Structures are given as C-alpha cells and as structure tokens.
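As a plain string of letters, each chain reads:
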Amino acid sequence: MTDTESWIQKDLKYVWHPDTQMKQYEGDNYKPTLIERGEGIYLYDTDGKRYIDGVSSWWVNTLGHSVPRLNNVLTEQANKIEHVLLADFTHKPAIELAERLVKLAGEPFSKVFYSDDGSTAVEVAIKMAYQYWYQKGQPQKRYFVSMTDSYHGDTLGSVSVGGIDIYKKIFNPLVFETIKVPAPYCYRCPKGCKQNSCNIDCLKDVVKLFKEHHNEIAAIIVEPLVQGAAGMRVYPAEYLNRLRIICDEYDVLLIDDEVAMAFGRTGKYFAFEHARIKPDIFCVAKGITAGYVPLAATVTTDKIYSAFYDDFSSLKTFYHGHSFTGNPIACAVAVETLKIMEEAKIIEHLPFKADVFKQSLQKFKNLSHVGDIRHIGMVGAVEMVRNRETKEPYKFTERVGHKVFLEAMKRGAILRPIGNVIYFMPPLVITEAQIEELTQIAYDSIKVVTESV
Ligand SMILES: *Cc1c(COP(=O)(O)O)cnc(C)c1O
C-alpha cells in the first residue's frame, strides 16, 4: 500500500465527508483525492498531479491558493492576537473590515454584524428582520418569502428559507413555515417565456402574494442574479430591480444573500450593483477572506439598526453572537483580501476576462446533449439533457454529472457538478488561457460521457 493509500484508508475510517454518500467509496471504486498543496488556481495531490480548481474549492477561493501576502497577514495577526471576544472588546481588523464593507456597499449601509459562515450570516439576517418588525410594533409580520429551488445554507433557519428537496425534504417537520414564489429559471420558464425578451412575468406572483399578505410578511430573501446550488441558474438583473420596487411598495424587507456571488463572481463587488438597487440587509461570506478562513457578515442600514438602539431596559438588544464572532485572523485576512483586490484592480479587469469566458462557453453548443449554457461574470454553467428538443433531463441515478467530474479529474480539472449541471466558478485570478484550458477539459469530458450513456 502506498503512503497515499494508507492516508485515504485512515480518512475513510474516521472522516464523515459533507454532502457525501460514504458507501460510494467502498471496494475498488474511486476515492477522495488527497490534496497536499495549492498554488494559484491549481491544487496538487500527494502524487504531484495538478488540477485546475474549477469550482474555487466550493465557491470560496478568489485570489488563488496559498497567496504569500495573505499567508503573511495570517501569521502576523496570529502572532499579535489570534482571538478575542467581540462583546465589550474590539480590535483593529474587525473595525477596518466593517468600515471597508460599508464603504464598498455604499449608502445607505452603515452597520456590519459578524458571524462565521454563509449559513450563520443568513440566520442573523432572518432573526434581525423578524426582531425589527417585532420592535416596530408589528410582530404579525413574521413570514419569510423565498424562491423555489433556493439555497441559503444548511442550518435549520437557512434550510427553512431554502427550497431544494435534497437539503430540505427530510427536515420539513423541523423547519419553520415559509412562503415560496416561483424562481426565474429561464431555461425551463414556468411561464413559457424566453430570457431577456420577457416581461418578468414571474414577478406577478410576488405582487399578488404581497398585495394579499404583506401585513404578515417580514421579508423576502433572494440569491441575487444566480441561484447557485440550484445549478447556477442565471436570471435577469431586471427581476431584482423590480423586486426592490415591489418590496418598497408593500413594506417588505429585501434580504440579499450575496454569500456566493459577492466579491467579483458576477463581475462586480456585489451582485446587487447589476440591478442598481440596495437591499435592506445583505449577507456575505465565502469570498470575503478569498477563501482562506471562515468569516461572514450581515450588513444593514440605519433604518434597521435604529429599531434595536434603545435603553438597556427596553430589551431591544439583538441577542445573537457566536464564539468566534469577528475573529481577528479572519478579519485581518479579509482586510488584506480587499486591499489586494483594490490594488490589483481585480474587479476592473474582470469585464475583459468575463468576455473571453463567455466566448469559450460557446463551443458547448456543438454538444448535442448540452441543453443550456449560462453565464454571468466569472460564473458559467452548462446543463446536460438526455434530449435537447424536449429538454428531458438525465435521471439522477445515471449520475451523468458525476461521470463528467471523474473524466475531468483524469484530465486535470476539478469540476464538481450539481446534478446534470457542470459549472465553472474559477478563482478570479485565472488567466484567459487557463479559462480556455478549463472549458476544453469540460468539453472533452462531457463529450466522452454523453456519447456513451
Ligand atoms: C454557500 C451558500 C450559503 C451557505 O454558506 P456556508 O458558508 O456554506 O454556510 C448560503 N447562501 C448561499 C447563496 C450560498 O451559496
């Protein structure tokens, strides 16, 4: 047995992997890949084989792996103070990061509430919105609206506003009741419309719902412009723009879950910029530390904050906090990440790269089992179908996406699929040539698999 094999054997003995049916590793089947190091957009396994990190290690990495500047800041901060509680105490990295986030997001944002990851940032947003209405004397505004096939995290509050069966169905007896509105899934539009030529008819359901029930609705939570976990379903910015107007009209808060899409994924710092709107509350995590360490923030306005600001005896305090709220190492890495993005003009350089990316996705039109090609900024996806005319999907038991993943691994790229959707969410620092290499590996892998199943 090689050294790698014995580590894997030990892994399977002790580690329970996320979102994974562990039985698939039985026998001579494929095994988890033992990664030893990373550099730039590449990950290297213990045998020295190199892979393009095509999914940014679950959507978190933005500036590449093991970046010297971030490594230095991380160790420097650990040498000063690795952690201190953020109640009655504070530290420069938390302060500087909050100021930077507020300034980046612009008016009317004014306050940053830290937590640990995307799910907790969403929990914070939900509780904040609920308590806001409670303290405004409207406790009956307690329902949350979200989209079908939405994903907002894996903790029970965020699962409640989620809409994907595999994450939710079993837990339905445990989660709180929410209201679903149809997602703007343009490839399979429930209204039969075509993207960019429709009148965003799917918003009519939102208007109808708000008209009848706004008095009981606290907020609507959305993934801006891309429903990520649903399969990188890109929808028009116009949807978000109009949703803001409808929310204002009916006095419903707009919570924008930017956990996956902020910090450059869509080509801008925040996806809401595309729609030229400002939500009432937005959540960030994943890319905030360039994918280094867990950190999240829920950002809001004085309108919300002032409903909590009162004498101690008023009991309006927001009683929420995690042990590692605003961890100094994480905040220092996040500040440095934003400095690098600013100095290297990462966002400014994205339009050209995004265009190259968009062009390189065109080749998938030649594959007869690719039904839809989706793209925005530095996110791309292809949806594979059994039949392109009827859009008949492959059965989930066929594991077509998984087969493509295995082919791509052989060819040196990590393209971990979502069902029948192969998507690309590379680190923002990927070059144009590397984009071409990545999409070509996907093309070859999809071709081999779909022509044999
Ligand atoms: C990943 C994700 C989350 C959950 O974030 P975690 O850090 O995994 O808890 C929430 N919302 C969206 C839109 C996400 O993509």
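Residues numbered from 1 in each chain as written. Predicted model: local features only at pLDDT ≥ 70, side-chain atom pairs only at ≥ 80, totals over all residues. Heavy atoms only, no water.

1. Thoughts on the nonpolar core
Part 1 of the reasoning: One finds Leu-97, Phe-210, Ile-220, Leu-243, Phe-263 and Phe-364 to be the most contacted residues of the largest nonpolar core, which totals 112 residues.
Part 2 of the reasoning: If you tally residues by element for this core, the top one is helix 11 (residues 328-343), at 8 residues.
Part 3 of the reasoning: In this structure, Ile-126, Tyr-132, Ala-307 and Phe-308 belong to the second largest nonpolar core, which totals 26 residues. (Core = buried A, V, L, I, M, F, W, Y, C linked by side-chain atoms within 4.5 Å. Buried < 20%, exposed > 50% of the residue type's maximum accessible area, 1.4 Å probe, protein only. Helix = DSSP H or I, 4+ residues; strand = E, 2+ residues; numbered from the N terminus.)

2. Digging into the packing of helix 4 (residues 92-105) against helix 11
Part 1 of the reasoning: One way to put it is that helix 4 packs onto helix 11 with a least axis distance of 8 Å and a crossing angle of 40°. Overall, the two elements helix 4 and helix 11 adopt an arrangement that is oblique. Handedness of the helix 4/helix 11 crossing: left-handed. On helix 11, the residues touching Pro-93, Ala-94, Glu-96, Leu-97, Arg-100, Leu-101 and Leu-104 of helix 4 are Pro-328, Cys-331, Ala-332, Ala-334, Val-335, Leu-338, Lys-339 and Glu-342.
Part 2 of the reasoning: For the contact of helix 4 with helix 11, the per-class residue count stands at 11 nonpolar, no polar and 4 charged. (Axes fitted to C-alpha atoms, helices over the stretch in contact; angles between N-to-C directions. Parallel < 35°, antiparallel > 145°, perpendicular 65-115°, else oblique. Left-handed = near helix turned anticlockwise from the far one by under 90°. Contact = heavy atoms within 4.5 Å. Nonpolar A, V, L, I, M, F, W, Y, C, P; charged D, E, K, R; others polar.)

3. Concerning the domain arrangement of the protein chain
Part 1 of the reasoning: Considered domain by domain, the protein chain is made up of domain 1 (33-66 + 346-450) and domain 2 (70-343).
Part 2 of the reasoning: If you average the C-alpha positions of domain 1 and of domain 2, the two centres end up 26 Å apart.
Part 3 of the reasoning: Taken together, the 31 residues of domain 1 in the interface contact 32 residues of domain 2.
Part 4 of the reasoning: Interface area for domain 1 against domain 2, summed over the two sides, is near 2700 Å², with a carbon-plus-sulfur share of 63%.
Part 5 of the reasoning: Looking only at domain 1, the three residues that lose the most surface to domain 2 are Trp-59, Ile-347 and Ile-376, adding up to 24% of its buried area.
Part 6 of the reasoning: Of the charged contacts, one joins Glu-383 and Arg-188 as a salt bridge, the two residues approaching to 2.7 Å between their closest N and O atoms.
Part 7 of the reasoning: Between the two partners, domain 1 and domain 2, sit 15 residue pairs in polar contact (both at pLDDT 80 or more).
Part 8 of the reasoning: Listing elements by their share of the side of domain 1 that touches domain 2, those giving two or more residues are helix 2 (56-59), helix 12 (346-361), strand 13 (370-376), strand 14 (379-387) and strand 17 (421-424).
Part 9 of the reasoning: Sort the elements by how many residues they give to the side of domain 1 that touches domain 2 and strand 13 lands first, with 5 residues.
Part 10 of the reasoning: Among the residues forming the side of domain 1 that touches domain 2, the class breakdown is 20 nonpolar, 7 polar and 4 charged. (Domains from an automatic or database assignment. Buried area = accessible area lost by both parts, 1.4 Å probe. Salt bridge = Lys/Arg side-chain N within 4 Å of Asp/Glu carboxyl O. Polar contact = N/O pair within 3.5 Å; in protein donor to acceptor, adjacent residues only side chain to side chain.)

4. Focus: the pattern of salt bridges
Part 1 of the reasoning: Scanning all chains against the criterion turns up 24 salt bridges.
Part 2 of the reasoning: Between Glu-212 and Lys-208 there is a salt bridge whose closest N-O contact spans 3.8 Å. Taken together, the residues Glu-212 and Lys-208, both in helix 8 (residues 203-213) and 4 residues apart, mark about one turn of the helix. Exposure class is identical for Glu-212 and Lys-208. Each is exposed.
Part 3 of the reasoning: Each of Arg-188, Asp-372, Arg-374 and Glu-383 takes part in salt bridges that share partners, so that together they form one network.

5. Structural notes on unusual backbone geometry
Part 1 of the reasoning: Along the chain, Glu-107 connects to Pro-108 via a cis peptide bond; the corresponding omega equals 0°.
Part 2 of the reasoning: Positionally, Pro-108 belongs in the loop between helix 4 and strand 4 (109-115).
Part 3 of the reasoning: In the Ramachandran plot, Ala-290 falls in the positive-phi region, its phi being about 60° despite a non-glycine side chain.
Part 4 of the reasoning: The topology assignment puts Ala-290 in the loop between strand 11 (281-284) and strand 12 (296-301).

6. Describing the side chain of Glu-223
Part 1 of the reasoning: Within the element layout of this structure, Glu-223 appears in the loop between strand 7 (217-222) and strand 8 (226-227).
Part 2 of the reasoning: For the buried residue Glu-223, which engages in no salt bridge, the nearest side chain bearing the opposite charge is Lys-286, 7.7 Å off.
Part 3 of the reasoning: Of the polar contacts made by the side chain of Glu-223, one reaches the backbone nitrogen of Gly-228; its length is 3.0 Å.
Part 4 of the reasoning: Setting aside anything within four residues of it in sequence, one finds Glu-223 in contact with Asp-149, Ser-150, Tyr-151, His-152, Gly-228, Ala-229, Tyr-235 and Asp-257. (Lys, Arg positive; Asp, Glu negative; His and termini not counted.)

7. Observations concerning the state of the cysteines
Part 1 of the reasoning: Under the defined criterion, the tally for this structure stands at 0 disulfides.
Part 2 of the reasoning: Here Cys-247 stays free of any disulfide, with the sulfur of Cys-202 as its closest cysteine sulfur at 14 Å.
Part 3 of the reasoning: For Cys-331, which is in no disulfide, the shortest distance to another cysteine sulfur is to Cys-283 and amounts to 16 Å.
Part 4 of the reasoning: On the accessibility criterion, Cys-331 (0% relative accessible area) is buried. (Disulfide = S-S within 2.5 Å.)

8. A few points about the site of the ligand
Part 1 of the reasoning: In the vicinity of the ligand, the contacting residues are Trp-59, Asp-117, Gly-118, Ser-119, Tyr-151, His-152, Gly-153, Glu-223, Asp-257, Val-259, Ala-260 and Lys-286.
Part 2 of the reasoning: Gly-118 places a main-chain nitrogen or oxygen 2.8 Å from an oxygen atom of the ligand.
Part 3 of the reasoning: The contact in question runs from an oxygen atom of the ligand to an N or O atom on the side chain of Lys-286, over 2.7 Å.
Part 4 of the reasoning: Here the ligand loses 84% of its free accessible area of 380 Å² to cover by the protein chains.
Part 5 of the reasoning: For the shell around the ligand, the residue count by class is 4 nonpolar, 4 polar and 4 charged. (Near = heavy atom within 4 Å. Areas by Shrake-Rupley, 256 points an atom, 1.4 Å probe, with all protein chains shown as cover.)

9. Considerations on the environment of Ile-126
Part 1 of the reasoning: Among the structural elements, Ile-126 can be located in helix 5 (residues 118-135).
Part 2 of the reasoning: Spatially, the C-alpha atoms of Ile-126 and Ala-218 are 8.9 Å apart, while their sequence positions differ by 92 residues.
Part 3 of the reasoning: Once residues within four sequence positions are removed from consideration, Ile-126 is found in contact with Phe-144, Gly-157, Val-161 and Phe-176.

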